[in-house]
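Summary of structural features
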Amino acid sequence: MEQKIAEMRAAATAEISSSADLKALDAVRVKFLGKKGALTSLLRGMNQVSAEERPKIGKIVNEARAEIESLIAAKNSELKAAALQDKLASEKIDVTLPGRKIHRGRLHPLTLTLNRIKEIFIQMGYSVETGPEVETDYFNFEALNLPKDHPARDTQDSFYITEEILLRTQTSPVQARTMQKHTGNAPIRMIAPGRVYRRDDFDASHAPMFHQVEALVIDRGITFGDLIGTLDFFCKQFFGEKANIRLRPSFFPFVEPGLECDVSCPICHGHGGGCKVCHDSGWLEILGAGVVHPKVLEMSGYDSSVVSGFAFGLGVERVCMIKYAIDDLRLFFENDLRFLNQF
């Protein structure tokens, strides 16, 4: 019996010493000290030892257990220390290396454009008004002098949800809501930026979702000259002091008279002469405008004999494309970092 215990101790010592990692060491522990291990098997054979020898053999077995446990604990500490050193070596950081550059995010070009538009009008005393993108037919059309049988509705192919609810085709409904929110003939000087929706193909110059900024001024004594001065000031602030404007008569149901405003091309400065941006014309259309139709004033509770006003609306994508000489509207929506990182 003593011989078997001595052989087991020697075998355990050798296997513990040769264990290469914690997993192998644990296998050695189970092999010798587990419920079915070698030491347990020796203890089960104690009934074959004489009564006189049992105390002596029991002491030798306990000493063997203690020695094996001690060797395993020492080897465990050794392997853990070695594993820690390996980990530290593999994760070592060279503090003398230069730091990694942090790439800062940038504002989207449409956001930059919209912020600049807001800034220009806020400094002129305009408020920024917002409204729902899911709008009623009344505010989107009827309150703007477009009754249900008006042919101009066909030019704004709309996303209808029900017969009376649709995704707004313009931010002009915010103008109507703001007028009706004010009591009496209270003056208004506001812009309404936001997303609008129309059934357009997605190509280089059209999108089913785009951004507009509508403006409205109502007060006593507002004239056509005030509109022209405002448009000229905005264009010079946005496109630069060299920018000039050109006005052309046009028709919009909610203004009378109506006009379209062109700005001198910021690339060729109005000279044309082979310019690809303005197609040799020297001018680029940017917005529609006009004097607020008396019927629109009356529908919102204003006395058209006392107050007057002007309104205009511009496409954010369009003025952004003109300012930065961008030739494809789809670039705004494709999230191509090569494009966005330029702004």
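In what follows, the accompanying structure is described. Source: prediction; values computed, not measured. (Residues numbered from 1 in each chain as written. Predicted model: local features only at pLDDT ≥ 70, side-chain atom pairs only at ≥ 80, totals over all residues. Heavy atoms only, no water.)

**Quick notes on the overall build of the protein chain**
- Helix and strand content of the protein chain: 11 helices and 9 strands.
- Taking 20 Å as the expected radius of gyration for a compact globule of 343 residues, we find that the protein chain reaches 42 Å, considerably beyond that expectation.
- With the principal axes as the frame, the protein chain shows a C-alpha extent of 130 × 50 × 35 Å.
- Split into buried and exposed, the 343 residues of the protein chain put 41% on the buried side. (Helix = DSSP H or I, 4+ residues; strand = E, 2+ residues; numbered from the N terminus. Rg over C-alpha atoms; globule rule 2.2 N^0.38 Å. Buried < 20%, exposed > 50% of the residue type's maximum accessible area, 1.4 Å probe, protein only.)

**Notes on the pattern of salt bridges**
- Considering all chains together, one arrives at 16 salt bridges under this definition.
- Close ionic contact of Asp262 with Arg246 constitutes a salt bridge, the shortest N to O distance being 2.9 Å. Linking Asp262 in strand S7 (residues 255-264) with Arg246 in strand S6 (residues 245-252), this pair joins segments that are 16 residues apart in sequence.
- Judged by relative accessible area, Asp262 falls into the buried class, the value being 2%.
- According to the relative accessible area criterion, Arg246 is partly exposed, its value standing at 34%.
- A salt bridge links Arg330 to Asp328, with the nearest nitrogen and oxygen atoms 2.9 Å apart.
- Judged by its relative accessible area of 28%, Arg330 falls in the partly exposed class.
- Taken together, the shared-partner salt bridges connect Arg246, Arg248, Glu260, Asp262 and Glu285 into one network. (Salt bridge = Lys/Arg side-chain N within 4 Å of Asp/Glu carboxyl O.)

**Some remarks on a nonpolar patch on the surface**
- A contiguous nonpolar surface patch, about 200 Å² in accessible area, is contributed by Phe224, Ile228 and Leu247.
- For Leu247, the location among the structural elements is in strand S6.
- On the basis of relative accessibility, which here comes to 30%, the residue Leu247 falls in the partly exposed class. (Patch = residues over 30% accessible without salt bridge, like charges linked within 9 Å, V, L, I, M, F, W, Y side chains within 5 Å. Areas by Shrake-Rupley, 256 points an atom, 1.4 Å probe, with all protein chains shown as cover.)

**So, the pairing of S6**
- Pairing between S6 and S7: 7 bridges, direction antiparallel. Bridge pairing in S7 links Arg246 to Asp262.
- The hairpin turn running from S6 into S7, its antiparallel successor, is 2 residues long. (Pairing = 2+ DSSP bridges.)

**Side note on the sheet that holds strand S4 (residues 188-197)**
- Spatially, 7 strands are ordered S1-S4-S5-S9-S8-S7-S6 in an open sheet, and the strand pairing comes out mixed. Strand pairing shows two members of the sheet lacking a second neighbour, strand S1 (127-128) and S6, which therefore form its edges.
- With 10 bridges joining them, S4 and strand S5 (residues 209-219) adopt antiparallel strand pairing. Bridge assignment links Arg189 to a residue of S5, and that residue is Val217.

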